[in-house]
Amino acid sequence: MAPDAGPILSKINFPADLKKFSEEELPQLCQEIRDYIIEVISANPGHLGASLGAVELAVAIHYVFDTPYDKLIWDVGHQAYAHKILTGRKAQFHTNRKYKGISGFPRMKESEYDAFGTGHSSTSISAALGMAVASALKDNNGRQHIAVIGDGSMTGGMAMEALNNAGVTNANLLVILNDNQIAIDSNVGAMKDYLVDITTSRSYNRFRNFVWKLMGGDTRYGANSRAIVKQFGNAVKSTISRKSNLFEAFRFRYFGPTDGHDVVHLVKLLRDLKRIEGPKLLHVSTKKGKGLDSAEKEPTTYHSPGLFDSKTGRIRKSDCPEKLSPKYQNVFGKTIIELAEQNDRIVGITPAMPTGSSLNMMMSVMPERAFDVGIAEQHAVTFAAGLAAQGMIPFCNIYSSFMQRAYDQVIHDVALQNLQVVFCLDRGGLVGEDGATHHGAYDLAYFRAIPNIIISSPMNEVELRNMMYTAQLDGSGTFSIRYPRGRGVMSDWAQPFTKLDIGKGRQVREGSDLAIISIGHIGNVALHAAEILHGEEVSVAVFDMRFLKPIDEELLHTVFKKFNHIITLEDGTVNGGLGSAVVEFKNDHHYTSMVKRLGIPDRFIEQGSLEELHKECGIDVAGVMQTARSIITDLKKVNPV
C-alpha cells in the first residue's frame, strides 16, 4: 500500500501539476519526494542511493521542459525513482520491482514519459542523439532531448562514442552529467580523476561562471558579444585550468560544475540552456544517498540495501545468517584468493562490480593483482586477453547480462586466439526483481556457438571451487563458469580442490521411469522434485551435466539407451542451450526418445521474486513435477496396467 504523500506531492500526479507551483516551493517538494522514496523503499527494496541523489534533477527537468514531448532519458535508470513518482506512477510506486508491478527501470511500454528503456549503462547519449536527429529530420526543431548520465556510466566506451558523434552535429541535445563520484562501488580511472579536477578547480569555475553569464543573455555589448566571449574563453581557459576541457574537445558546450541539490538554481540554468542550440553538457555535483545519513556515509551498501528502517536507516539483518549457505559470489571471492596464493599468474578483473562479484575480497589482500576497470565490459575482456597473451591467467568476473555487451571481444580477442581466460559469469539465470534487463538468460546459448570455449555451470559450491581450480590449470584454454545470484546449498563447502574431467557429467540420482538432465544450480530443483515424486512411486533419475561444451556424449548415450522419456532443465533460454544441445545429440545419433525441454521461454521475463519467476517459467519444483506427472499419465494411457 502506498504511504501518504506530503502536502505538495499529494497534489502532483504529472508534470503539468508540478508546473502550477512556484520555484520557491520546489525545495519542499524535493524533501517530500525524498521522504516518499525512503518510506517506500525501506519496506519494498530497490535502488535507493542513486535515486535519492537525483531528486532535484528530476524536479527541475520536469519543471522546465515539456515532457513527454521533450525526450528525457535516464542512464542507467536506477536514478529515476523521482521521475517515476512525478510522471503518473506515484500511486503504483509501492509495486516497484514487484511481480506484475512497475519496473525498477524506465520502460517505454510502461509510460510515455519513459522515452527509452535503460537498464544497462552508457546508452543514453546515443539514444538521445538518435532522437534529436530524428526530430530534425521531421522538422521538430523545437523539441528538446535530455540525457541524464551518471559519472560512472561515462567510463563506458559507448558514451565516448556517442559524444564523439554528437559533437560534429547540430543536434538539439543536452547531456546532464550527474557527478557523485560513485557508481555502485567508488569510481575508478582517469575519468574519475578528471571530473574531480574540474570540480575542485575554483579559478576555472569562477571563470566559467563569468563566461556563462555573459553568454546566457547579457547582450549589452552588442550582437556579437557571445562570439567575442567564446573566443576569449577558448584563449584563456587552458591556462587557467592547465588542461583543455575534455567535453569541449568533443565540441560540446560545457557548463558547470554546479550544485545538483540547489533545485531553484538548476531551474534557472536549465531555462538558459534551453535557449542554446547544439550539443551541450551540464555538469552537476550530487551526493549519492542524499537525505539519509547512513546512505550518504555508506553509498555502496545503500545502493540497494534491502529492507531497512525508514527513520534510522538501519538495515534489517537476517535472524540467523549463520545457518544459511553462502552466496555463490562469496565462494568465488574466497576461492580466487586461495588459488591466487598458489598460482602467482592468476589475476582478477571486474567491470565496476567489485562488491557485487566479491572480487573486493581479492582487492583487499592482493590489490596489485585485482583490477576494477570501470563500466567497460568490452575493455575488460580484451584487457584480460592481453594479460593472457603474456602468460597470466585472468579470472574475468562479469554479470551474465553484462557479458552480452562484450560478445565480439570474447570471439575475436579471446576464443579465436585460444587464450586462457576464465570468464566467471555471476547472476546466470533469472535474477528476480531487477527484471528483463538483468536476467542472465542467454549466456549458455550465446557461448555455445563459439569455438574454443569450455562452458560449465556448478550445481553447488564445491563444484564452483573445482571448476575454478580446473580452469586455471595449464592447457584448459578459454573457460566459462556461470553461477546464479543468491545462495548455494552447502554449509561444508570449503573442501580441498579436485581436478574435474572437462566435459564429463555425473548421475546424482538413480531412477527407472524417466530422466531429468540438468546443468547448474537448478539441478537441485530436479533433485528435490525427484525425491517428492519417489513418494508417489514415480522413479526419476537425475543427471548433472556440469559441462555444456564439450558435452558428455558418453553419458548422453547411457541416458538415451535407458530412457524413452527425458526432461532437460536449465535456468537459461530454452532456445539454444542445454535442451537444444540434447535434442541435437538425439537427432545426430538417431534416438527416438521423447525430450521435453524446460527453461526460460522465448520471451522477455519481467520482474518478480525468483520463486514467482521460476513458477511462471515452469522451472520450479512444482513445474518440474507437473511435467513429470504429465509424462507418466500419458504413459499409463498408452500402456495401461
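In this text, all values refer to a predicted model and were calculated from it rather than measured experimentally. (Residues numbered from 1 in each chain as written. Predicted model: local features only at pLDDT ≥ 70, side-chain atom pairs only at ≥ 80, totals over all residues. Heavy atoms only, no water.)

(A) Representation of the overall build of the protein within the structure. Looking only at helices and strands, the protein features 26 helices and 17 strands. For the protein, the residues scored as buried account for 59% of the 641 residues in total. Counted over contacts in the protein with a minimum sequence separation of 6, partners at least 24 positions apart contribute 77%. When the accessible surface of the protein is totalled, it reaches about 26,400 Å², and 51% of it is carbon and sulfur. (Helix = DSSP H or I, 4+ residues; strand = E, 2+ residues; numbered from the N terminus. Buried < 20%, exposed > 50% of the residue type's maximum accessible area, 1.4 Å probe, protein only. Contact = heavy atoms within 4.5 Å. Areas by Shrake-Rupley, 256 points an atom, 1.4 Å probe, with all protein chains shown as cover.)

(B) Region of the structure containing the pattern of salt bridges. Tallied over the entire structure, the rule returns 25 salt bridges. Glu 616 is paired through a salt bridge with Arg 603; the nearest N and O atoms lie 2.9 Å apart. Taken together, the positions of Glu 616 in helix α25 (residues 610–617) and Arg 603 in the loop between β17 (594–600) and α25 put the pair 13 residues apart, joining distant regions of the chain. By relative accessible area, Glu 616 is classed as partly exposed at 27%. The network of salt bridges with shared partners includes Lys 84, Arg 89, Glu 110 and Asp 114. (Salt bridge = Lys/Arg side-chain N within 4 Å of Asp/Glu carboxyl O.)

(C) View of the nonpolar core. Core analysis: the biggest nonpolar cluster contains 54 residues, and Ile 33, Ile 37, Val 59, Ile 176 and Leu 270 have the highest contact counts within it. Counting residues per element, the ones that place at least two in this core are α2 (26–43), α4 (55–64), β1 (71–75), α5 (81–89), β2 (145–150), β3 (173–179), α12 (263–274) and β5 (280–285). Examining the composition of this core, we find that nine residues originate from one element, α2, more than from any other. Look past the residues within four positions of Ile 33 in its chain and what remains in contact with it is Leu 9, Val 55, Val 59, Ala 82, Ile 85 and Leu 86. Judged by nonpolar contacts, the second largest core, of 48 residues, contains Met 353, Ala 406, Ala 515 and Ile 519. (Core = buried A, V, L, I, M, F, W, Y, C linked by side-chain atoms within 4.5 Å.)

(D) Up close: the packing of helix α17 (residues 377–389) against helix α19 (residues 407–415). At a minimum axis separation of 9 Å, α17 and α19 run at an interaxial angle of 10 degrees. Between α17 and α19, the angle falls in the class roughly parallel. Listed contacts from α19 to Gln 378, Val 381, Thr 382 and Ala 385 of α17 are Gln 409, Val 410, Asp 413 and Val 414. Its residues placed into classes, the contact of α17 with α19 shows four nonpolar, three polar and one charged. (Axes fitted to C-alpha atoms, helices over the stretch in contact; angles between N-to-C directions. Parallel < 35°, antiparallel > 145°, perpendicular 65-115°, else oblique. Nonpolar A, V, L, I, M, F, W, Y, C, P; charged D, E, K, R; others polar.)

(E) Representation of unusual backbone geometry in the model. In this structure, the amide linkage connecting Thr 67 to the following residue, Pro 68, adopts the cis form with an omega of 5 degrees. Looking at the secondary structure, you find Pro 68 in the loop between α4 and β1. Of the consecutive residues Asp 75 and Val 76, the connecting peptide bond is found in the cis state with omega at 5 degrees. Position of Val 76 relative to the elements: it lies in the loop between β1 and α5. Within the chain, Arg 97 stands out as a residue other than glycine whose phi angle is a positive 70 degrees. Relative to the helices and strands, Arg 97 resides in the loop between α5 and α6 (124–137). In this structure, Asn 418 takes a positive phi of about 55 degrees despite not being glycine. Mapped onto the elements, Asn 418 comes out in the loop between α19 and β9 (422–426). Classification of Asn 418 as partly exposed rests on a relative accessible area of 45%.

(F) Focus on the state of the cysteines. Considering all chains together, one arrives at zero disulfides under this definition. The structure places no disulfide on Cys 396, whose sulfur is separated from the nearest cysteine sulfur, that of Cys 424, by 8.5 Å. (Disulfide = S-S within 2.5 Å.)

(G) Spatial organisation of the pairing of strand β13 (residues 514–518). By the criterion of burial, β13 is predominantly enclosed, with five of the five residues buried. Residue alternation in β13 divides its side chains into two sets, Leu 514, Ile 516 and Ser 518 and Ala 515 and Ile 517, and both sets are buried. In this fold, β13 hands off to helix α22 (residues 523–534), which returns the chain to strand β14 (residues 540–544); that crossover is right-handed. Sheet topology note: the β13/strand β16 (residues 565–573) ladder contains four bridges and is parallel. Among the inter-strand pairings, Ile 516 is bridged to a residue of β16, identified as Ile 567. (Right-handed = clockwise from strand over helix to strand, strands pointing away. Pairing = 2+ DSSP bridges.)

(H) Fine view of the sheet that holds β13. As summarised here, the arrangement of the five strands in space is β12-β14-β13-β16-β17, forming an open sheet in which the pairing is mixed. For this open sheet the edge positions go to β12 (506–509) and β17, each flanked by a neighbour on one side alone. Ignoring which end each strand starts from, the neighbouring axes of this sheet average 25 degrees apart. Direction of pairing for β13 relative to β14: parallel, over a ladder of five bridges. Bridging from a neighbouring strand, Ile 517 pairs with Phe 543 of β14. Running over the sheet, helix α24 (residues 578–588) touches β13, β16 and β17 and is turned about 160 degrees from β17.

(I) Just helix α23 (residues 553–562), in detail. Within the sequence span of α23, burial applies to Leu 555, Leu 556, Val 559 and Phe 560. On an axial view of α23, the arc spanned by its buried residues comes to 130 degrees, and they lie on one face. With respect to the buried face of α23, the exposed residues turned more than 90 degrees away are Glu 554 and Lys 561. Buried-residue contacts for α23 involve β12, β13, β14, β16, α24 and β17. Structurally, the start of α23 carries an N-cap: the backbone nitrogen of Glu 554 is 3.3 Å from a side-chain oxygen of Asp 552. (Arc of directions from axis to C-beta. Polar contact = N/O pair within 3.5 Å; in protein donor to acceptor, adjacent residues only side chain to side chain.)

(J) Structural context of the environment of Lys 100. The residue Lys 100 is located in the loop between α5 and α6 in this model. Sequence-wise, Lys 100 and Gly 608 are 508 residues apart; in three dimensions their C-alpha atoms are separated by 7.3 Å.

(K) Highlighting the sheet that holds strand β7 (residues 370–372). Reading across the sheet, the seven strands line up as β7-β6-β8-β9-β11-β10-β15 and stay open at both edges, with mixed pairing between neighbours. The sheet terminates laterally at β7 and β15 (547–549), the two strands that pair on one side only. Taking the axes of each pair of neighbouring strands and ignoring which way they run, one obtains an average angle of 20 degrees across the sheet. Across four bridges, the pairing between strand β10 (residues 453–456) and strand β11 (residues 478–482) is parallel.

(L) Molecular detail of helix α21 (residues 461–471). With ten of eleven residues buried, α21 lies mostly within the body of the structure. Inspection of α21 places Glu 461, Val 462, Glu 463, Leu 464, Arg 465, Asn 466, Met 467, Met 468, Thr 470 and Ala 471 among the buried residues, and these make up the whole buried set. Where α21 begins, the side chain of Asn 460 points an oxygen toward the backbone nitrogen of Val 462, at a separation of 3.2 Å.

(M) Geometry of the side chain of Asp 552. Among the secondary structure elements, Asp 552 is positioned in the loop between β15 and α23. From its side chain, Asp 552 meets the backbone nitrogen of Glu 554 in a polar contact 3.3 Å long. From its side chain, Asp 552 meets the backbone nitrogen of Leu 555 in a polar contact 3.0 Å long.

(N) Highlighting the packing of α23 against α24. At a minimum axis separation of 11 Å, α23 and α24 run at an interaxial angle of 70 degrees. If you check the angle between α23 and α24, you find them roughly perpendicular. Here Glu 553, Leu 556, His 557 and Phe 560 of α23 lie close against α24, whose contacting residues are Val 582, Phe 585 and Lys 586. Looking at the contact of α23 with α24, its residues break down into four nonpolar, one polar and two charged.

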